[in-house]
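Here's the letter readout for the chains.
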Amino acid sequence: MGRAVGLFRRGERRSEDTGPYWKQRGWQASAGFLGLVVVLGGVTALTSGSGSGGDRVKASASNGPLSGTPKKDGRPAGCRTDDSAGDAIPPSVPKDISWRTLDVGRVPVSASEGPTRIQGAVWWCFAHTPMGAALAATVIPTQMSGSQWRTVTDQQVVAGQGRRLFVFQRTAVPDTDGAHSAPVTSSYAGFQVTSYTSGAATVALLIKSTQGYASTSVDVRWSGGDWKIQPDGSGGLYSQLASAQSAVGYTLWGV
């Protein structure tokens, strides 16, 4: 099972002293709202012989707003955002940030920076800025535990070997929609854009719970006129969750 779990996360290093983080009691509840962490909680299905996931591997995702050809300005039809900040790393969050419930957690959204469009399971149209990248890195993976994960994956995860491996593994894990999940005791507290170009970014996410802070990072890439999640070659969408001493260095969402 350890090998299978590693395919969901980036750069895992097992610790003999502490064990896998998802088995540590202090983080079992606090990490639950993260889509991929919820998936990891049910990863025993990969080796238990359960047939429920095998039926989903043949399911095809529906077409979505990011399936077509971008317009002349490079954005999908109907997508407008405030890109005036350019490549500048934001010192604070937009004033129009609000919170919306999405599957197993609450996510920040902005009328100016994104996601400005919602079409079914696809929350899309993020600003071509570091803030847009941070919002995409927060919003998109949160849906990976729900029943619409395949549509979100096809629309908002960069195509390639990493995506194929993620899909292969995720089909074996039961869906966990918000209505049937345990109460959430944690929240997205903030972010830090650790690297940024107009074509790619790495965003560290700060998570707050009753146990304290934890952090993980997500890579995104500008593809087809919007930010999409960039998995690694083994299918991982997140780096390993790690404890964080404080929120210093992070831009806070203002939970």
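1. So, the state of the cysteines
What the rule picks out here adds up to one disulfide. Between the sulfur atoms of Cys79 and its disulfide mate Cys125 the distance is 2.0 Å. Here Cys79 and Cys125 share a disulfide; its torsion about the S-S bond, 90 degrees, makes the bridge right-handed. Within this pair, whereas Cys79 is found in the loop between helix 4 (45-48) and strand 2 (97-102), its partner Cys125 is found in the loop between strand 5 (122-124) and helix 5 (130-139), the two being separated by 46 residues in sequence. Per residue, the accessibility class of Cys79 equals that of Cys125, and both read buried.

2. Observations concerning the packing of aromatic side chains
This structure, assessed with the given rule, holds four aromatic pairs. When the ring of Trp149 is compared with that of Phe166, the centres are 6.1 Å apart and the planes differ by 90 degrees; the resulting orientation is edge-to-face. In this pair, Trp149 is assigned in helix 6 (residues 149-156) and Phe166 in helix 7 (residues 161-170), connecting sequence segments 17 residues apart. Each of the two residues, Trp149 as well as Phe166, counts as buried. Ring plane angle 40 degrees and centroid distance 4.8 Å describe the contact between Phe191 and Trp253, whose orientation is recorded as tilted.

3. Description of the nonpolar core
Formed by 37 residues in total, the largest nonpolar core has its most connected members in Phe191, Val220, Trp227 and Trp253. In terms of residue count, helix 5 provides more of this core than any other element does, seven residues in total. When near neighbours in sequence (up to four residues on either side) are disregarded, Trp253 contacts Val93, Ile97, Trp99, Pro108, Met131, Leu135, Thr138, Tyr188, Ala189, Gly190 and Phe191.

4. Describing the environment of Gly114
Position of Gly114 relative to the elements: it lies in the loop between strand 3 (105-110) and strand 4 (117-119). Since its relative accessible area comes to 0%, Gly114 is described here as buried. Linking Gly114 and Cys79, residues 35 residues apart in sequence, is a C-alpha distance of 9.7 Å. In this structure Gly114 touches Val109, Cys125, Phe126 and Leu135, once residues within four positions along its chain are discounted.

5. With respect to the pattern of salt bridges
Pairs can form between side chains of opposite charge once their charged atoms are near each other. The full count for this structure, using the stated rule, is four salt bridges. One salt bridge connects Arg170 with Asp175, and the closest N-O pair in it is separated by 2.9 Å. Overlapping salt bridges, with partners in common, bring together Arg75, Asp83 and Asp226 in one network.

6. Notes on helix 7
Within helix 7, the full set of buried residues consists of Gly162, Arg163, Phe166, Val167, Gln169 and Arg170. For helix 7, the arc enclosing every buried residue in end-on projection is 165 degrees, short of the 170-degree limit, so these residues lie on one face. Counted as exposed and oriented over 90 degrees from the buried face of helix 7: Arg164 and Phe168.

7. What about the side chain of Arg170?
Tracing the backbone through its elements, the reader meets Arg170 in helix 7. For Arg170, the side chain forms a polar contact with the main-chain oxygen of Met144, separated by 2.8 Å.

Scoring rules and cut-offs
- Residues numbered from 1 in each chain as written.
- Predicted model: local features only at pLDDT ≥ 70, side-chain atom pairs only at ≥ 80, totals over all residues.
- Heavy atoms only, no water.
- Disulfide = S-S within 2.5 Å.
- Helix = DSSP H or I, 4+ residues; strand = E, 2+ residues; numbered from the N terminus.
- Buried < 20%, exposed > 50% of the residue type's maximum accessible area, 1.4 Å probe, protein only.
- Phe/Tyr/Trp six-rings, centres within 6.5 Å; stacked < 30°, edge-to-face > 60°.
- Core = buried A, V, L, I, M, F, W, Y, C linked by side-chain atoms within 4.5 Å.
- Contact = heavy atoms within 4.5 Å.
- Salt bridge = Lys/Arg side-chain N within 4 Å of Asp/Glu carboxyl O.
- Arc of directions from axis to C-beta.
- Polar contact = N/O pair within 3.5 Å; in protein donor to acceptor, adjacent residues only side chain to side chain.

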